[in-house]
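Summary of the model geometry
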Amino acid sequence: MLKHLKNHIMTKQEIKSELENVIYVLETIENDYAALKLKAVLLALEHDWMQSAYFTNEIDTILNYE
(Lines give C-alpha, C1' and ligand atoms only; values in the text may rest on other atoms or scores of the structure.)
Protein backbone atom coordinates (compact mmCIF):
# COMPACT_ATOMS: atom_id res chain seq x y z
CA MET A 1 0.00 0.00 0.00
CA LEU A 2 2.71 2.50 0.89
CA LYS A 3 4.57 1.74 -2.32
CA HIS A 4 1.79 3.20 -4.49
CA LEU A 5 1.63 6.31 -2.25
CA LYS A 6 5.36 6.94 -2.64
CA ASN A 7 4.98 8.85 -5.91
CA HIS A 8 1.51 10.24 -5.22
CA ILE A 9 1.35 14.04 -5.12
CA MET A 10 -1.35 14.96 -2.63
CA THR A 11 -3.84 17.70 -3.35
CA LYS A 12 -4.44 20.48 -0.84
CA GLN A 13 -7.69 18.82 0.20
CA GLU A 14 -5.94 15.47 0.74
CA ILE A 15 -3.24 17.15 2.84
CA LYS A 16 -5.87 18.95 4.92
CA SER A 17 -7.86 15.76 5.39
CA GLU A 18 -4.81 13.73 6.44
CA LEU A 19 -3.72 16.38 8.93
CA GLU A 20 -7.24 16.55 10.37
CA ASN A 21 -7.22 12.76 10.77
CA VAL A 22 -3.89 12.81 12.58
CA ILE A 23 -5.08 15.69 14.78
CA TYR A 24 -8.17 13.66 15.69
CA VAL A 25 -6.04 10.64 16.63
CA LEU A 26 -3.73 12.80 18.73
CA GLU A 27 -6.69 14.33 20.54
CA THR A 28 -8.18 10.87 21.09
CA ILE A 29 -5.00 9.64 22.78
CA GLU A 30 -4.86 12.93 24.69
CA ASN A 31 -1.67 14.20 23.11
CA ASP A 32 -3.02 17.74 23.13
CA TYR A 33 0.34 19.45 22.65
CA ALA A 34 1.07 17.60 19.41
CA ALA A 35 -2.52 18.14 18.24
CA LEU A 36 -2.22 21.89 18.84
CA LYS A 37 1.10 22.02 16.99
CA LEU A 38 -0.43 20.24 13.99
CA LYS A 39 -3.46 22.55 14.08
CA ALA A 40 -1.05 25.48 13.88
CA VAL A 41 0.69 23.86 10.91
CA LEU A 42 -2.67 23.31 9.19
CA LEU A 43 -3.71 26.93 9.76
CA ALA A 44 -0.39 28.15 8.39
CA LEU A 45 -0.76 25.98 5.30
CA GLU A 46 -4.30 27.19 4.69
CA HIS A 47 -3.17 30.80 5.07
CA ASP A 48 -0.30 30.23 2.66
CA TRP A 49 -2.61 28.54 0.15
CA MET A 50 -5.04 31.47 0.30
CA GLN A 51 -2.23 33.99 -0.19
CA SER A 52 -0.83 31.98 -3.09
CA ALA A 53 -4.24 31.92 -4.75
CA TYR A 54 -4.65 35.65 -4.17
CA PHE A 55 -1.27 36.49 -5.72
CA THR A 56 -1.87 34.12 -8.62
CA ASN A 57 -5.14 35.92 -9.35
CA GLU A 58 -3.42 39.31 -9.08
CA ILE A 59 -0.69 38.24 -11.52
CA ASP A 60 -3.28 36.84 -13.93
CA THR A 61 -5.22 40.12 -13.75
CA ILE A 62 -2.09 42.18 -14.46
CA LEU A 63 -1.03 39.94 -17.33
CA ASN A 64 -4.49 40.12 -18.87
CA TYR A 65 -4.35 43.93 -18.94
CA GLU A 66 -1.25 43.99 -21.12
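These remarks concern the structure in this document.

Cut-offs and rules
- Numbers given to residues run from 1 along each chain, matching the order in which its sequence is written.
- Given that this is a predicted model, residues contribute local features only at a pLDDT of at least 70 and side-chain atom pairs are listed and counted only at 80 or more, while totals for whole chains, interfaces and linings are drawn from all residues.
- Each side-chain value is worked out from all heavy atoms of the structure, with water and hydrogens disregarded.
- Basic side-chain nitrogens of Lys or Arg form a salt bridge, by our definition, when they fall within 4 Å of a carboxyl oxygen of Asp or Glu.
- By the criteria applied, helices consist of DSSP H or I runs no shorter than four residues and strands consist of E runs no shorter than two, each listed in order from the N terminus.
- Only protein chains enter the accessibility calculation, which uses a 1.4 Å probe; a residue is then buried when its area is under 20% of its type maximum, exposed when over 50%, and partly exposed in between.
- The set of buried Ala, Val, Leu, Ile, Met, Phe, Trp, Tyr and Cys residues whose side-chain atoms join them within 4.5 Å is what this entry labels a nonpolar core.
- What makes two residues a contact is simply this: any of their non-hydrogen atoms within 4.5 Å.

1. Quick word on the pattern of salt bridges
- Under the defined criterion, the tally for this structure stands at two salt bridges.
- E46 serves as the salt-bridge partner of K16, at 3.2 Å between the closest nitrogen and oxygen. Placement of the pair is K16 in helix α2 (residues 12-28) and E46 in helix α3 (residues 32-65), with a sequence separation of 30 residues.
- The residue E27 makes a salt bridge to K39 at a minimum N-O spacing of 2.7 Å. Placement of E27 in helix α2 and of K39 in helix α3 is noted, with a sequence separation of twelve residues between them.
- The exposure class of E27 is partly exposed, given its relative accessible area of 34%.

2. Some thoughts on the nonpolar core
- Residues L19, I23, L26, A35 and L42 constitute the largest nonpolar core, which totals five residues.
- Of the residues forming this core, the biggest block, three residues, is contributed by α2.
- In contact with I23, other than residues within four places in its own chain, are A35, L38, K39 and L42.

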